[in-house]
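Structural description and commentary
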Amino acid sequence: MDKIHIKNLEVFARHGVFPEENALGQKFVVSAVLYTSTREAGRADDLAKSIHYGEVSRFITEFMEQNTFQLLETAAERLAEELLLNTERLEKIRLEIKKPWAPVGLPLETVSVEIERGWHTAYIALGSNLGDKEANLRLGVEGLRSTRGCRVEAVSDFLVTAPYGGVEQDDFLNGAMKIRTLLTPHELLERLHEIEQEAKRERVVRWGPRTLDLDILLYDDLILDEEELHIPHIEMYKRDFVLKPLCQIAPYARHPVYNRTVAELLADLERLKTGDAD
């Protein structure tokens, strides 16, 4: 990915732990690396197809001047988030905030915090078999659409499917959606649980009936295996009620463990179901 550099932008602001820092203020130095594609702008010689580094520099200056945080970590985190949310074509940012005169009583040149943040692509499965199933799924979609740092890019059709796991219950309505998110996998999982609670989801019986079930299927090319979170979803390759709606919106998304596309996984599963192992 291409990069646009903003180096050592000086800003007078009022960030710090001590009250006198918040009252008197001091100089901060901000550097940013903006990750984007400059190809289109370079070929057309058109600034509108790139990121205007002058506007970004003004945004940084105004943000640092208009806010007050105790920690450099907080200033960096909030500034990176605001830039990603408000700068078209910005995919990722590496941001460093330096504090040249940090009040530590020692002869140091500068203290700084450097972070890297960016947009991630995730695929979410939706399911419901209690109450108004379609309304429950739409609540899930709108819950993420209204979440700061999440953008819903595609939603599949909702498909009626038989229950999974051997528990006798009503048929499910299932779907899938593609999102772009600034949330980490664990933050995203926490948000999904909050949305499930808004739909009055109760976790009583494994694979049992539920008003709303939201699962992370894929998150970039991440492979994560923890007690509370498995990415890719641990059994997505054997569930047609997951693969069918996902195939509608992302047939060429690739499973990072099996190195198979969603379309290939669905075809494999359908061959197994018909007994054609070849």
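How each quantity is defined
Residues numbered from 1 in each chain as written. Predicted model: local features only at pLDDT ≥ 70, side-chain atom pairs only at ≥ 80, totals over all residues. Heavy atoms only, no water. Axes fitted to C-alpha atoms, helices over the stretch in contact; angles between N-to-C directions. Helix = DSSP H or I, 4+ residues; strand = E, 2+ residues; numbered from the N terminus. Parallel < 35°, antiparallel > 145°, perpendicular 65-115°, else oblique. Left-handed = near helix turned anticlockwise from the far one by under 90°. Contact = heavy atoms within 4.5 Å. Nonpolar A, V, L, I, M, F, W, Y, C, P; charged D, E, K, R; others polar. Pairing = 2+ DSSP bridges. Core = buried A, V, L, I, M, F, W, Y, C linked by side-chain atoms within 4.5 Å. Buried < 20%, exposed > 50% of the residue type's maximum accessible area, 1.4 Å probe, protein only. Phe/Tyr/Trp six-rings, centres within 6.5 Å; stacked < 30°, edge-to-face > 60°. Lys NZ or Arg CZ within 6 Å of the ring centre and 35° of its normal. Patch = residues over 30% accessible without salt bridge, like charges linked within 9 Å, V, L, I, M, F, W, Y side chains within 5 Å. Areas by Shrake-Rupley, 256 points an atom, 1.4 Å probe, with all protein chains shown as cover. Salt bridge = Lys/Arg side-chain N within 4 Å of Asp/Glu carboxyl O. Expected span 1.5 Å × (residues − 1). Arc of directions from axis to C-beta.

With that settled, the discussion passes to the packing of helix α7 (residues 240-249) against helix α8 (residues 262-273). Each pair of packed helices can be summarised by the angle the axes make with each other and by the distance between the axes. Put simply, α7 and α8 touch, their axes get as near as 9 Å, and they point 140° apart. Viewed along their axes, α7 and α8 adopt a mutual orientation that is oblique. Note that α7 runs across α8; the crossing there is left-handed. Across from Asp 240, Leu 243, Lys 244, Leu 246 and Cys 247 in α7, the residues of α8 making contact are Val 262, Ala 263, Leu 265, Leu 266, Leu 269, Glu 270 and Lys 273. Class assignment of the residues belonging to the contact of α7 with α8 gives a composition of 8 nonpolar, no polar and 4 charged.

Sheet strands line up and pair through hydrogen bonds in the backbone, either parallel or antiparallel. If you trace the 4 strands from one edge of the open sheet to the other, you get β1-β2-β3-β4, paired in antiparallel fashion. Only two strands of the sheet have a single neighbouring strand rather than two, namely β1 (2-13) and β4 (111-118). For this sheet, the mean inter-axis angle between neighbouring strands, taken without regard to orientation, is 15°. Pairing between strand β2 (residues 26-36) and strand β3 (residues 92-99): 7 bridges, direction antiparallel.

Counting residues in hydrophobic clusters, the biggest one holds 30 residues, and the most contacted among them are Leu 34, Ile 60, Met 64, Leu 79, Ile 93, Leu 95 and Ile 97. At the level of elements, β1, β2, α3 (53-66), α4 (72-86), β3 and β4 are the ones that each hand at least two residues to this core. With 7 residues, α4 is the single largest residue contributor to this core.

Take the pairing of β3 next. Alignment of β3 against β4, held across 8 bridges, turns out to be antiparallel. Considered in β4, the bridge of Glu 96 is made with Glu 114.

Tallying each qualifying case throughout the model produces 2 aromatic pairs. A centroid spacing of 5.1 Å and a plane angle of 55° characterise the contact between Tyr 237 and Tyr 258, whose relative ring orientation is tilted. Residue Tyr 237 is located in the loop between β11 (230-231) and α7, and its partner Tyr 258 is located in the loop between β12 (254-255) and β13 (260-261); the two are separated by 21 residues in the primary sequence. With a relative accessible area of 30%, Tyr 237 lands in the partly exposed category. Judged by relative accessible area, which is 43%, Tyr 258 ranks as partly exposed. Sitting above the plane of the Tyr 35 ring, Lys 92 keeps its charged end 4.4 Å from the centroid.

Attention now goes to a nonpolar patch on the surface. There is a patch of nonpolar side chains on the surface, built from Val 104, Leu 106, Leu 108 and Val 111 and spanning about 320 Å² of accessible area. Mapped onto the secondary structure, Leu 106 falls in the loop between β3 and β4.

Looking now at the pairing of strand β9 (residues 213-219). For β9, a buried count of 6 out of 7 residues is recorded, marking the element as mostly surrounded by other parts of the structure. Direction of pairing for strand β5 (residues 120-128) relative to β9: antiparallel, over a ladder of 6 bridges. Of the residues in β9, the one forming a bridge with Ala 125 is Asp 215.

On to helix α6 (residues 185-198). A rise of 1.5 Å per residue sets the reference length of α6, with its 14 residues, at 20 Å; its end C-alpha atoms lie 20 Å apart and thus fit the reference within 8%. Those residues of α6 that sit buried are Pro 185, Leu 188, Leu 189, Arg 191, Leu 192, Ile 195 and Glu 196. Buried residues of α6 fall within an arc of 160° about the axis and therefore sit on the same side. Among the structural elements, β5, α5 (133-145), β8 (172-181), β9, β10 (224-225) and β11 are those in contact with the buried residues of α6. Lys 200, located one to two residues past α6, shows a positive phi value of around 60°.

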